[in-house]
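# Summary of structural features
Chain by chain, the residues:
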Amino acid sequence: MAATTTVPVADPEPVYAFQAPVRLYHWVNALCILTLAATGYLIAHPLPTVVGEASDHFIMGRIRLIHFTAGYLLAVSLAGRIYWALVGNAVARQIFYLPVWRPGWWRELFLELAFYLFLRRDAPAEAGHAPLAQLAMLLFNTLGSLFMIFTGFALYSEGLGHGSWADRAFGWVIPWMGDAERVSNWHLLGMWILLGFVILHIYMAVRADIVGRTTSTSAILGGWRSPKGARPGGTRPRR
Ligand code: HEM
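Since the model is a prediction, treat every value here as computed from it, not as a measurement. (Residues numbered from 1 in each chain as written. Predicted model: local features only at pLDDT ≥ 70, side-chain atom pairs only at ≥ 80, totals over all residues.)

### Things to note about the overall build of the chain
The helix and strand inventory of the chain stands at 10 helices and 4 strands. In the chain, the succession of helices and strands from N to C terminus is β-β-α-α-α-α-α-α-α-α-α-α-β-β. For the chain, the proportion of its 239 residues judged to be buried stands at 26%. Across the chain, the fraction of contacts at a sequence separation of at least 24, relative to all contacts at a separation of at least 6, is 66%. (Helix = DSSP H or I, 4+ residues; strand = E, 2+ residues; numbered from the N terminus. Buried ≥ 20, exposed ≤ 12 C-beta atoms within 10 Å, placed from the backbone. Contact = placed C-beta atoms within 7 Å.)

### Quick notes on the packing of helix α1 (residues 20–44) against helix α9 (residues 180–210)
It is at 10 Å that the axes of α1 and α9 come closest, and there the two elements cross at 140 degrees. For the element pair α1 / α9, the angle class is oblique. For the pair α1 and α9, the crossing hand works out as left-handed. Taken together, the residues of α9 that come into contact with α1 (itself represented by I33, A37, G40 and A44) are L188, M191, L194, L195 and V198. (Axes fitted to C-alpha atoms, helices over the stretch in contact; angles between N-to-C directions. Parallel < 35°, antiparallel > 145°, perpendicular 65-115°, else oblique. Left-handed = near helix turned anticlockwise from the far one by under 90°.)

### Quick word on the nonpolar core
If you look at the biggest cluster of nonpolar residues, it comprises 9 residues: C32, I33, L36, A70, L74, L78, F140, M148 and L194. Not counting residues within four places of it along the chain, the set of residues in contact with I33 comprises L194 and V198. Membership of the second largest hydrophobic core comes to 8 residues, among which are A17, Y25, A85 and A219. (Core = buried A, V, L, I, M, F, W, Y, C linked by C-beta atoms within 7 Å.)

### Comments concerning the site of the ligand
Neighbouring the ligand are 25 residues, the closest being L36, G40, G71, G152 and M191. A per-element tally of the shell around the ligand places α1 first, with 7 residues. For the shell around the ligand, the class distribution of residues is 17 nonpolar, 7 polar and 1 charged. (Near = placed C-beta within 6 Å. Nonpolar A, V, L, I, M, F, W, Y, C, P; charged D, E, K, R; others polar.)

### What to know about unusual backbone geometry
In this model, F58 sits at a positive phi of 55 degrees, which is unusual for a non-glycine residue. Tracing the backbone shows F58 in the loop between α2 (54–57) and α3 (59–87). The exposed category is assigned to F58, around which 12 C-beta atoms lie within 10 Å. Here F118, not a glycine, exhibits a phi torsion of approximately 65 degrees, which is positive. Here F118 is to be found in the loop between α5 (103–116) and α6 (131–160). Looking at F118, the number of C-beta atoms within 10 Å reads 8, which means it is exposed.

### What to know about α1
Three- or four-residue spacings in an α-helix give side chains the same orientation, since the helix completes a turn every 3.6 residues. For α1, spanning 25 residues, the distance from its first C-alpha to its last is 35 Å, which sits close to the expected 36 Å at 1.5 Å a residue. For α1, every residue scored as buried is listed here: V22, Y25, C32, I33, L36, T39 and G40. Buried positions along α1 lie against α3, α4 (90–93) and α9. (Expected span 1.5 Å × (residues − 1).)

### Looking at the environment of F140
Position of F140 relative to the elements: it lies in helix α6. Under the C-beta neighbour-count criterion, F140 is labelled buried, with 20 such atoms within 10 Å. Taking the C-alpha atoms as reference points, F140 and I193, 53 residues apart in sequence, are found 7.8 Å from one another. When neighbours within four sequence positions are excluded, F140 is seen to be in contact with I193, L194 and F197.

### Brief notes about α3
Taking 1.5 Å of rise per residue, the 29 residues of α3 would be expected to cover 42 Å, and the 42 Å separating its terminal C-alpha atoms lies within 8% of that figure. Among the residues of α3, A70, G71, L74, S77, L78, R81 and A85 are the ones counted as buried. Looking at the buried side of α3, the elements it contacts are α1, α4 and α6.

### What about the confidence of the model for the chain?
It should be kept in mind that the predicted coordinates are not to be read in detail where pLDDT is low. Looking at the chain as a whole, its pLDDT mean stands at 86, while 86% of the residues score no less than 70. Per-element confidence in the chain ranges from a low mean pLDDT of 40 for strand β4 (residues 235–237) to a high of 98 for helix α7 (residues 165–170). Counting interchain partners and residues more than four positions distant, the pLDDT-below-50 stretch residues 1–9 has 14 contacts. In this model, residues 230–239 is a region of pLDDT below 50 whose contacts with residues beyond four sequence positions or in other chains number 25 contacts. (pLDDT = per-residue confidence, 0-100.)

Below is the structure:
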């Protein structure tokens, strides 16, 4: 008789991976990035002038106001998320550091790369963020958001003027990077890099869920994650 292609496994125990503040940050952050990208794009490519007094319409003014409000929200939510990394569970800390001293972390990173390169069928078992996600989130989300906050508030300080709180906290970024135009160009480039990350992030999360059965998408809504790559009927493919 031909060998069966699946072996029975016990149902994996779901793990409460993403605590409520982590999930809240995720969705506030996603909303902020989309709002900032849409309004930022319009700031970089302003709408055509409309007939009449600019102050009667104030279209670009409103777009800038939405951009700055979302910018504040992004900064405050990141500050809250940093606080939660200190007091929350181990998964809450994962997007702020990489355990590069652990050989197992590197092994899983390469296994995961093989999974996304279609060289392997199952995703490595992870309760929280898998190493590749951890690396991408640290580089693009954590450091990327900090970069956008520093360059954004530096540009903002120009509007508030010399001696303002933004000038004192972030004004140094402008001479450090050259001039305001350079800061603006880097800020714009940062947007495209962040948007590239968002697309990749959604693809990888959905793929890990469907192919790897890691319940990654429902976990960022409900918090619970099945880490072992469970398949319907409690089976998984034989390696
Ligand atoms: C994900 C985060 C962000 C994205 C994607 C983003 C995107 C952009 C883009 C594309 C521009 C136009 C740049 C150009 O004209 O070359 C811009 C301008 C600007 N952004 Fe952001 N931004 C972000 C965060 C922030 C934050 C946190 C602040 C802080 C308040 C901020 C403040 C500004 C300011 C002051 C300008 C210049 C506005 C003007 O010249 O009228 N941005 N942003």
